[in-house]
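Now for the letters of each chain:
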Amino acid sequence: MDPCTRRAFIKGGALSALGIGLDGMPRFLLRAAAAQGTAARRKTLIAVFQRGAVDGLSMVVPHGDPDYYGARGAIAIARPASGQPETTVDLDGFFGLHPALSPLKPLWDARRLAIVHACGSPDITRSHFDAQDYMESGTPGVKSTADGWLARGLQATPRASSCPFRAVAMGPQLPRVLRGAGAVAMGSIAEFDVGGASMTGAVDARRGFESMYEQGVRDLLYGTGKETFEAVKMLKAAAPQRLAPANGAQYPRGRFGDSLKQIAQLIRADVGVEVAFADVGGWDTHAGQGNERGQLANRLGDFAQGLAALERDLGDRMDDVVVLTMSEFGRTVRENGNRGTDHGHATAMLVLGGPVRGGAVYGRWPGLRRDQLFEGRDLAVTTDFRALFAEVALRHLGVGPTAPLFPGFTVKTSGFPGVLV
């Protein structure tokens, strides 16, 4: 598999716009061109981090659990009721989606959406900062890990030709999960500039570039040098941002929708993306969480509309794309005194895309009776997040089984949830 294609940069007259002929192409692109035609179709993973600890019990409602409604009080999501839009969207008679997630129901029906419930970290911290670090580094309880599990996965699967856009994070800083992979962080494609209109020399370009994307640029400039600079200029000429959403896709307004739209543009522009990352905050609902309506419902609405738009926008390309959502931990089972929830333990994670064995909720349900709860208050973890992430890395990205994805954790295929074909 070759992540960079000559076709990507010829699109839109990129080469002619730069006045570069084949003789002037960077060496890595020439190698890619030589390999083209023999390569397998590229697989892409889009990782979405819900920062702030989403309430998995409201996102994917266990309405069939006899203790759910008794524990949740005013924040419980109404039982499924035919013809009533502000009720749980039933999936299988036991679980259902929050009504704000109804844009995802067609994906469930098409068996392109799977859910892993009661999923999370074995570490017991309730610190957002620590738990996010542990999930991104893939080393629960270990603060000293410098790189991320996705970075280690990419390093373990080297390609014949390097591509500077193999791993891209939407945002001003590179997330820990991609540190160590030579990944790129960009606030937006349009601003991914190397000097703007005065793009005439490497010195000026480098100065402007570094000021905007310090970490990502450091990886780019000192990792792959001049060839990378040439690739960045070609990306600017290819202008993925000019690609309008396809198939009638409509992204929600805001940073999250913009991030997903731009990830789709990069994928459709064939610039070699294998891993893309986006995050979205606002899930720390200690007060006024709401039920079918309210702040959580609003967040979930944007979340679902964004994912549904991404799937529609990518169309047939979703056959080779997996979207994996994650959050550092869940929230308490019982409603607190402020009509909200506090930091908990397990949550729900979504997996969608063409290679997904969708239409099913995976993982063992631990139950919500008090004696079944973790420390008497939280949904227990029955699926270690590393088992889910490892399944995606091995079966979708082609990472080898001996790759050091999660130091200290033995990856066993028998422990995979089974969400991928």
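Residues numbered from 1 in each chain as written. Predicted model: local features only at pLDDT ≥ 70, side-chain atom pairs only at ≥ 80, totals over all residues. Heavy atoms only, no water.

Enquirer: What should I look at first to understand helix α12 (residues 295-314) in this one?
Expert: Residue pairs spaced three or four apart in an α-helix point in one direction, given the helix's 3.6 residues per turn. With 20 residues, α12 ought to run about 28 Å at 1.5 Å a step, and its terminal C-alpha atoms sit 29 Å apart, in line with that. One or two steps after α12, the chain reaches G315, where phi turns positive at roughly 55°. (Helix = DSSP H or I, 4+ residues; strand = E, 2+ residues; numbered from the N terminus. Expected span 1.5 Å × (residues − 1).)

Enquirer: Which parts of the structure should I look at to understand the side chain of R51?
Expert: Along the chain, R51 turns up in the loop between β1 (44-50) and α4 (56-59). For R51, a relative accessible area of 17% corresponds to the buried category. For R51, the side chain forms a polar contact with the side chain of Q132, separated by 2.8 Å. Other than its neighbours up to four places away in sequence, R51 contacts Q132, E136, P175, F277, D279, V280, G281, G282, W283 and E328. (Buried < 20%, exposed > 50% of the residue type's maximum accessible area, 1.4 Å probe, protein only. Polar contact = N/O pair within 3.5 Å; in protein donor to acceptor, adjacent residues only side chain to side chain. Contact = heavy atoms within 4.5 Å.)

Enquirer: How should I be thinking about the packing of aromatic side chains in this particular structure?
Expert: Each aromatic ring pair is summarised here by two numbers: the centre-to-centre distance and the angle between the ring planes. Applying the stated criterion across every chain yields a total of 10 aromatic pairs. Where W149 meets F406, the ring centres are 5.6 Å apart and the plane angle is 35°; that geometry is what we call tilted. Here W149, found in helix α8 (residues 149-155), pairs with F406, found in the segment after α13 (385-395); they are 257 residues apart in sequence, far enough to count as distant. For F406, a relative accessible area of 3% corresponds to the buried category. The rings of W149, F385, F389, F406 and F409 are connected pair by pair, giving a single aromatic cluster. Lying over the aromatic face of F49, R51 brings its terminal NZ or CZ to 4.5 Å of the ring centre. (Phe/Tyr/Trp six-rings, centres within 6.5 Å; stacked < 30°, edge-to-face > 60°. Lys NZ or Arg CZ within 6 Å of the ring centre and 35° of its normal.)

Enquirer: Teacher, can you tell me more about the pattern of salt bridges here?
Expert: Any two side chains of opposite charge can pair if their charged atoms end up close together. Per the stated rule, a full pass over the model turns up 24 salt bridges. A salt bridge links E136 to R51, with the nearest nitrogen and oxygen atoms 2.9 Å apart. Of the two residues, E136 is situated in helix α7 (residues 128-137) and R51 in the loop between β1 and α4; the sequence distance between them amounts to 85 residues. Across the pair D279 and R255 runs a salt bridge, and its minimum N-O distance is 2.8 Å. (Salt bridge = Lys/Arg side-chain N within 4 Å of Asp/Glu carboxyl O.)

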